[in-house]
Each structure stands twice: as C-alpha cells, then as structure tokens.
Amino acid sequence: MVLRLFPKVMQMILKDYITPKGLQKRFSKNDFRLVFTENEVVLMEKLPNIDDFTIEISYKILRFEFNMLDEPKCKWGNVPHDTEVEIADDIQRLINATNSIIKINTEEVTAQYSEKMLEEIKCMVTRIDSYLEQDDLRNLYTSLCRSETDSSSILQDLTSIKAIAESLPDTEKDKSERYSRLSIPIIDIFPKILRDVIRKCEPVAKFLHQKCVPVLTTFYPEQQRIIKELQYSNTYDSLDVTIIYQLLRQFSLIPSPTKGWGKLPDKVDINLGDDVERICRYRNAILLIEATPKLKKMSLMNISTSFEALVFEWI
C-alpha cells in the first residue's frame, strides 16, 4: 500500500489541484519557493509526467508551495477523529499510515493491526475516489489486496522509503524574511515609543539640550551633533533608541528598572524602566544576529514572541 497505492493517491490529488503542465511551466521558470532534494529535482525534470512522484513531493507541493490544502480539523501532524473525513483529514491519515508502516517492526504486525490498517485504507481511498469522482483508487486497492506478493522484494523496497516530514526546513529566504519582520520594531516602533517617553518627561526639547551641555562630551561625536540640533529643531524626531536610552538613564528622567540599569528584567518586572531596558536589549539582540553569521542560523521565535508581547503592551 505504501509503495504502490499511496503515491498514486497523492498524484491524483495533486492533479486535481494543479495540472502537471502547469507545474512544468513553473518549474522551468524556477518559480518555486520550495527547495527540492536532488532526487526530487530528477522527478520534477520528468514533468509533465508525474507517475513517479512520491508521496512526499506531492504533499510538499500541495501544502507548502501552493498552500492549497485546508488544515485538517485535528491540525497537521495529529490523528484525525473518525468523524473528520475531509480531503485534508485523509491526507493526514495517509501520512500517519505511511510513517507507521515504515517504522513498525515486522513482529509487531499482528493480524489485528493489519486488518485495522487495511480497513482504514479502504475507507480512506473510497472517500478520496468520491471526492475525485472516480473509482480508480478503490480498484487499485482491491487489486493489491488480491495480488501475490514477494515479501522479500517488497520489504527491501520499503527500506528506501523515509518518514514523511510534516514541516519544511528553513530556507535562507525564510530566515531573511523573518529577520526583516523582526527589524520593523527596531527601525520604526521602538524609536517612536521612546520618543513618546522622553517627550512626556521633557516636552520642550531645547530644555533637555540645556541639561546636556555640561556633560556633552560623554556622548559620541555623532550623538553630540544630534543633541546640539535639539535647541533649533525643538523636536525629538532625530533621536534613536541608543541616545534616548542614555538620556533617560543619565538624567534619571524615569524610575530605574526593577533590577537596575543594564540588567535583564524578570518577566514579573513590568514598570516603565523595565520595558525601556527590554527595548534596548531587543535592539541589541537583533543587531547582534545581523553582525554574527552563526547566530543567523538560530531560531528567532523567542525574540519574535517577546517583541509581540511588548509592542501590544505599549499599544
């Protein structure tokens, strides 16, 4: 079933969503976000012939390239309930059955396991045939059940089948897009937040400039230039996160963070100083990822989640 029936099921579903010639045209233009393995490239080069398409390549194209599949009610990667019988639910069942069969030890394949699995496959292909308005899969299933098998040959072929991955590895493009999204707060949102903070502390920018004059040399030359301009522009629009953080801290314009300046606040620390400290740290973390190639390979999920929580808090 895994070697003969399941690939055919996925091929037919794929053809129902997009024509093989359409796939060939996109592949010839290199118009795919997916990164194919060497073996998958060989299969794609045979288009519009998809007779050798594996379960996995059909699944990857449908789910990750064209996003054509609705998510199963149980969510991808889980076991559908018996009452969940949409096409995506049965694709999830097919994936689960494939992974179960290729991983199970021969001695674990009891008569009960075999009968139950075959009945589930029969129900699945019957539903998919109905969805595709045909009876080809049910006929193939019946034929396979009746055919004589060369156990040694089949088991040998089965060793070449790998478990189907239900998520894609990150591509460089994915990482770049995530980094770009995480950079938005650094470039736009965080500076606006801190400008609002310092504006509330000292509404008149030229008065803050006067406070800075005695200690102007403690700032970098470029920061000195920006601070001097405050007396003429009377606005904080030119100030970035770094300089505002330094001004708030140096002149004690807001209460210090719970654990003090320069120290990572705990999750329970939620006063204004704590969030200003977090903003500075998030900014530095993202800039460090950009500057350090090794860190670019790391997941940005934790930083992204923290960003979202902080931004919503301020909004």
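None of these values were measured; they are calculated from a predicted model.

(A) Layout of the overall build of the protein. Scanning the protein from N- to C-terminus turns up 15 helices and zero strands. In the protein, which comprises 315 residues, the proportion classed as buried is 38%. In the protein, 60% of the contacts between residues at least 6 apart in sequence involve partners at least 24 apart. Accessible area of the protein: about 18,700 Å², with a carbon and sulfur share of 52%.

(B) Spatial organisation of the environment of Ile187. Turning to its location among the elements, Ile187 is positioned in helix H9 (residues 172–201). For the pair Ile187 and Asp240, spaced 53 residues apart in sequence, the C-alpha to C-alpha distance is 9.0 Å.

(C) Focus on helix H12 (residues 241–250). For H12, every residue scored as buried is listed here: Val241, Ile243, Ile244, Tyr245, Leu247 and Leu248. Of the residues flanking the start of H12, the one acting as N-cap is Asp240, its side-chain oxygen 3.3 Å from the backbone nitrogen of Thr242. One or two residues past the end of H12 sits Ser252, with phi positive at roughly 50°.

(D) Local environment of the packing of helix H1 (residues 5–17) against helix H5 (residues 87–103). At their nearest, the axes of H1 and H5 sit 11 Å apart, and the two run at 150° to each other. Judged by the inter-axis angle, H1 sits roughly antiparallel to H5. Crossing of H1 over H5 shows left-handed handedness. Along its contact with H1, which presents Phe6, Val9, Met10, Ile13 and Tyr17, the element H5 presents Ile87, Ile91, Leu94, Ala97 and Thr98. Considered class by class, the residues forming the contact of H1 with H5 number nine nonpolar, one polar and no charged.

(E) Region of the structure containing the confidence of the model for the protein. Residues with a pLDDT of 70 or more make up 89% of the protein, whose mean pLDDT is 86. Of all helices and strands in the protein, the one with the weakest mean pLDDT is helix H14 (residues 293–296) (47), whereas H1 scores best (95). Within the model, the stretch residues 294–301 combines pLDDT values under 50 with nine contacts to residues more than four positions away or in other chains. With pLDDT under 50 throughout, residues 311–315 is counted as low confidence; its partners more than four residues away or in other chains account for eight contacts.

(F) Main features of the packing of H5 against helix H6 (residues 111–132). Relative to each other, H5 and H6 sit at 150°, their axes nearing to 10 Å. Compared by their axis directions, H5 and H6 come out roughly antiparallel. Remark: the crossing between H5 and H6 carries left-handed chirality. Side by side, H5 and H6 meet where Ile87, Asp90, Arg93, Leu94, Ala97, Ser100 and Ile101 of the first sit next to Tyr113, Met117, Met124, Arg127, Ile128 and Tyr131 of the second.

(G) Focus on the packing of aromatic side chains. Evaluation of the coordinates by the stated rule reveals seven aromatic pairs. Ring centres of Tyr59 and Trp76 lie 5.7 Å apart, and the angle between their planes is 70°; on these two criteria the pair is classed as edge-to-face. Of the two residues, Tyr59 sits in helix H4 (residues 55–65) while Trp76 sits in the loop between H4 and H5, which places them 17 residues apart along the sequence. Under the relative-accessibility criterion, Tyr59 is labelled buried at 0%. Ring centres 5.4 Å apart and planes at 85° place the aromatic pair Tyr245 and Trp261 in the edge-to-face group.

(H) Spotlight on the nonpolar core. If you look at the biggest cluster of nonpolar residues, it comprises 44 residues, and the most contacted ones within it are Phe6, Leu23, Phe53, Ile61 and Ile91. Elements represented by at least two residues in this core include exactly H1, helix H3 (38–44), H4, H5, H6 and helix H7 (136–146). Examining the composition of this core, we find that seven residues originate from one element, H1, more than from any other. Setting aside its immediate chain neighbours within four residues, Phe6 contacts Met1, Ile55, Leu94, Ala97, Thr98, Ile121 and Met124.

(I) The arrangement of unusual backbone geometry in detail. Following Leu47, the chain continues to Pro48 via a peptide bond in cis, the omega torsion being 10°. Considering the arrangement of structural elements, one finds Pro48 in the loop between H3 and H4. With a phi angle near 75°, Lys75 is a residue other than glycine that sits in the positive phi range. When you line up the elements, Lys75 lands in the loop between H4 and H5. A positive phi angle, close to 55°, is found at Glu133, a residue other than glycine. Relative to the assigned elements, Glu133 resides in the loop between H6 and H7. Among the residues examined, Glu133 registers a relative accessible area of 74% and is labelled exposed.

Rules of the game
Residues numbered from 1 in each chain as written. Predicted model: local features only at pLDDT ≥ 70, side-chain atom pairs only at ≥ 80, totals over all residues. Heavy atoms only, no water. Helix = DSSP H or I, 4+ residues; strand = E, 2+ residues; numbered from the N terminus. Buried < 20%, exposed > 50% of the residue type's maximum accessible area, 1.4 Å probe, protein only. Contact = heavy atoms within 4.5 Å. Areas by Shrake-Rupley, 256 points an atom, 1.4 Å probe, with all protein chains shown as cover. Polar contact = N/O pair within 3.5 Å; in protein donor to acceptor, adjacent residues only side chain to side chain. Axes fitted to C-alpha atoms, helices over the stretch in contact; angles between N-to-C directions. Parallel < 35°, antiparallel > 145°, perpendicular 65-115°, else oblique. Left-handed = near helix turned anticlockwise from the far one by under 90°. Nonpolar A, V, L, I, M, F, W, Y, C, P; charged D, E, K, R; others polar. pLDDT = per-residue confidence, 0-100. Phe/Tyr/Trp six-rings, centres within 6.5 Å; stacked < 30°, edge-to-face > 60°. Core = buried A, V, L, I, M, F, W, Y, C linked by side-chain atoms within 4.5 Å.

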